[in-house]
Amino acid sequence: MGKDTFTIIDNRTGKSYEIPVTDDTIRAMDLRQIKVNEDDFGVMSYDPAFKNTASTRSKITFIDGAKGILRYRGYPIEEIAENATYLEAAYLVLFGELPTREQYEKWVYDITHHTMIHENMRQFLDGFRYDAHPMGMFISTVAAESTFYPEAKNVFDPESVELQTRRLVAKVPTIAAFSYRHSLGLRYSYPDNDLSYVGNFLNMMFKMTELKYKPNPIIERALEILWILHIDHEQNCSTTTMRVIGSAQADPYVAVAGAAAALSGPLHGGANERVLRMLKRIGSVENIPEYLKYVESGKERLMGFGHRVYKNYDPRARIIKNFAHEVFKVTGKNPMLDIALELEKRALNEEYFAKRKLYPNVDFYSGIIYQALGIPTEMFTVMFAIPRTVGWVAQWREMLADPEQKIARPRQIYDGPGERHFVPMDER
Ligand code: CMC
């Protein structure tokens, strides 16, 4: 049995170095000892977009991208989606274990009793233009929460961390739904404590003149499953943003707002919105071959396809695809589904996609279901941000408790000019 080390020979100097290998990983800081002379800074690793760099140890989410496996705290996503309620799954991701009945009841009570937002927030939301994108409103309003809870800055006070965790999980659906109501010019619908977390969200979105909103149980469960699937996905772009902002010890509201801003990009959480627009543009099954040619020529990406980590079918996409038919029994079939199914089938048969291991990701089918549930396209990324807030907060808590973490601060390779001297304006 060999040793768990690498021997690196520096051909510049002929010196050799023994570097420990743990978990198939070397520590980038171990490279720093490799120097040409005493004044040399030492060797760094260069990894734009962090394609092969582990920035943390984590106990939250496991992904095997080659096999298409996703687990929360060790539990397969399929089992969680089938058996857990949303708040049960959120508890698991945040605190590491499935709750006992007593813990669960207290957790549900605590979340249910933090769903209100300060009345001043309403005025804040009212200030947005009628056509403001709900994701922009969501990001800004979550950031503004920071001004209401100044004690949130005490990121090493365990009581404050617990309180801000409950507040964030409880209030993001309210902020999201209020953003939507504002965009329609509708009166805000206040939280209803008799309803489940998801049922209450539907109430805040869709209640009109009825005295009591009654969510359809199948729709409620469909949304619950969608949200469970979106809770966490380890060190993706927005989660890394959360950790980077949090590493400066900023409060969790502004950190969640920053993470949500990263999520809003079309290559990340914004993709679900783009998928629907793409399907609409394709318009019918006959136009698919032409569209695929367009994608293969490199002019556009097939939205909802491809993933940095999954080089196999995204297990979340499989779950969503399978329960889409259940949802459509209640809502009526979304005609976009036929286009999506055919698009997937044809793309998977194309050499372009096979060669690059591009498969449908979570966003490919989620938008079709959101649309069938009556959720407008502009809200799709907000629908992603609500459950992902749990993941962001779980990762932030883990980071704060990790003695190895410090303020995030990558290095660079300076490629600019060498020293030069100031030239007065008239001489330039
Ligand atoms: N359509 C067409 N070609 C693609 C696609 C796509 N969706 N995705 C990747 N490629 C090609 C890409 O052009 C490149 O080809 P080549 O080697 O010839 O240059 C190759 O595949 C590798 O792509 P990459 O950009 O190096 O891969 P990445 O790991 O940096 O990007 C991704 C991952 C998710 C950003 C990318 O696959 C993509 O843009 N997908 C479409 C947007 C999308 O659906 N995003 C949602 C991701 S899942 C949920 C989430 O994260 O929020």
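Every residue gets a number counted from 1 within its own chain, in the order that chain's sequence is written. Selection of residues for local features in this predicted model requires a pLDDT of at least 70, selection of side-chain atom pairs for listing and counting requires 80 or more, and totals for whole chains, interfaces and linings are taken over all residues. Hydrogens and water molecules were not included; the side-chain quantities draw on all heavy atoms of the structure.

(A) Layout of the packing of aromatic side chains. Pairing of aromatic side chains here covers Phe, Tyr and the six-membered ring of Trp, requires ring centres within 6.5 Å, and sorts the geometry by plane angle: under 30 degrees stacked, over 60 edge-to-face, intermediate tilted. Per the counting criterion, the structure on display carries 19 aromatic pairs. Pairing Tyr-352 with Phe-353 gives two aromatic rings, centres 5.0 Å apart and planes at 70°, and the pair type is edge-to-face. Given the relative accessible area of 2%, Phe-353 is considered buried. Ring pairs connect the aromatic residues Phe-305, Tyr-352, Phe-353, Phe-364 and Tyr-365, which therefore count as one cluster. Burial here depends on accessible area, computed with a 1.4 Å probe over protein chains only, as a share of the maximum for the residue type. Under 20% is buried, over 50% is exposed, and the range in between is partly exposed.

(B) Structural view of the packing of helix 4 (residues 119-126) against helix 6 (residues 158-184). The interhelical angle for the contact between helix 4 and helix 6, taken along N-to-C directions, is 45°, at an axis separation of 10 Å. It follows from the interaxial angle that helix 4 and helix 6 lie oblique. With respect to the hand of their crossing, helix 4 and helix 6 are arranged in right-handed fashion. Here Arg-122, Leu-125 and Asp-126 of helix 4 lie close against helix 6, whose contacting residues are Phe-178, Ser-179 and His-182. Residues were grouped as follows: Ala, Val, Leu, Ile, Met, Phe, Trp, Tyr, Cys and Pro as nonpolar; Asp, Glu, Lys and Arg as charged; and all remaining residues, including Gly, as polar. Each residue belonging to the contact of helix 4 with helix 6 can be placed in one class, and the counts come to two nonpolar, two polar and two charged. Under this scheme, a helix contributes an axis fitted over its contacting stretch, all axes are lines through C-alpha atoms, and angles between N-to-C directions fall in the 0 to 180 degree range. Comment: elements are numbered from the N terminus, with helices defined as DSSP H or I runs of at least four residues and strands as E runs of at least two. Throughout this description, any angle smaller than 35 degrees is read as roughly parallel, any larger than 145 degrees as roughly antiparallel, any in the 65 to 115 degree range as roughly perpendicular, and the remainder as oblique. Here a crossing is taken to be left-handed if its near helix is turned anticlockwise relative to the far helix by less than a right angle, and right-handed if that turn runs clockwise. Should any heavy atoms of two residues lie within 4.5 Å, those residues are considered in contact.

(C) Fine view of the sheet that holds strand 3 (residues 61-64). Strands sit in the order 3-4-5 across an open sheet of three strands; the sheet is antiparallel. The open sheet terminates on both sides in strands that have one partner only, identified here as strand 3 and strand 5 (75-76). We call two strands paired when DSSP finds no fewer than two bridges between them. For strand 4 (residues 69-72) and strand 5, the ladder comprises two bridges, and the chain directions are antiparallel. Its bridge partner being in strand 5, Tyr-72 is matched across the sheet by Tyr-75.

(D) Structural detail: a nonpolar patch on the surface. Together, Phe-41, Met-44, Tyr-46 and Ile-413 make up a nonpolar patch on the protein surface, roughly 440 Å² of accessible area in all. Examined against the element boundaries, Tyr-46 turns out to sit in the loop between strand 2 (15-20) and strand 3. Overall, the relative accessible area of 64% leaves Tyr-46 in the exposed class. Only residues whose relative accessible area exceeds 30% and that take part in no salt bridge are eligible for patches, with like-charged residues grouped when within 9 Å of each other and nonpolar side chains (Val, Leu, Ile, Met, Phe, Trp, Tyr) grouped when within 5 Å. Accessibility throughout is a Shrake-Rupley quantity obtained with a 1.4 Å probe, and a residue counts as covered only by protein chains that appear here. By definition, a salt bridge exists where a carboxyl oxygen of Asp or Glu is found within 4 Å of a side-chain nitrogen of Lys or Arg.

(E) Representation of the domain arrangement of the protein chain in the model. Partitioning the protein chain into structural domains gives domain 1 (1-46) and domain 2 (56-403). In this document the domain limits rely on a domain assignment from an automatic tool or a database. Centre-to-centre separation of domain 1 and domain 2, based on C-alpha positions: 41 Å.

(F) Examining the site of the ligand more closely. As a matter of local geometry, the ligand sits amid 20 residues, with His-268, Arg-301, Leu-302, Gly-304 and Arg-308 nearest to it. Leu-267 places a polar main-chain atom, nitrogen or oxygen, 3.0 Å from a nitrogen atom of the ligand. Leu-302 has a polar backbone atom sitting 2.7 Å from a nitrogen atom of the ligand. A total of 930 Å² of accessible area belongs to the ligand in isolation, and the protein chains cover 74% of it. Residue classes in the shell around the ligand are distributed as ten nonpolar, six polar and four charged. Put simply, a residue is near a molecule or strand once any heavy atom of it comes within 4 Å of that molecule or strand. Under the rule applied, a polar contact is a pair of N or O atoms within 3.5 Å (in protein, one hydrogen donor and one hydrogen acceptor; residues adjacent in sequence only if both atoms are side-chain atoms).

(G) Up close: the packing of helix 12 (residues 288-296) against helix 14 (residues 336-349). Running from N to C, helix 12 and helix 14 cross one another at 55°; their axes reach a closest spacing of 10 Å. Relative to helix 14, the element helix 12 is oriented oblique. The crossing of helix 12 and helix 14 is right-handed. For the pair helix 12 and helix 14, contact is made by Ile-288, Pro-289 and Leu-292 and by Ile-339, Glu-342, Leu-343, Arg-346 and Ala-347, respectively.

(H) Inspection of the nonpolar core at higher detail. Core analysis: the largest hydrophobic core is formed by 119 residues, its most contacted members being Tyr-86, Tyr-197, Trp-227, Met-278, Leu-279 and Leu-302. Broken down by element, this core gets its largest block of residues, 13 residues, from helix 17 (residues 380-400). Throughout, nonpolar core names a set of buried Ala, Val, Leu, Ile, Met, Phe, Trp, Tyr and Cys residues whose side chains join them through atoms within 4.5 Å.

(I) Looking closely at the pattern of salt bridges. One pass over the full model with this rule turns up 23 salt bridges. Between Arg-122 and Glu-119 there is a salt bridge, with its nearest N and O atoms 3.2 Å apart. Residue Arg-122 and its partner Glu-119 are located together in helix 4, separated by three residues, close to a single helical turn. Classification of Glu-119 by relative accessible area gives partly exposed; the value is 39%.

(J) How the structure looks around unusual backbone geometry. In this model, Ala-49 sits at a positive phi of 65°, which is unusual for a non-glycine residue. Its location among the elements puts Ala-49 in the loop between strand 2 and strand 3. At Glu-234, a residue that is not glycine, the phi angle is positive and equals roughly 45°. Along the polypeptide, Glu-234 turns up in the loop between helix 8 (217-229) and helix 9 (237-247). For Glu-234, a relative accessible area of 21% puts it in the partly exposed group.

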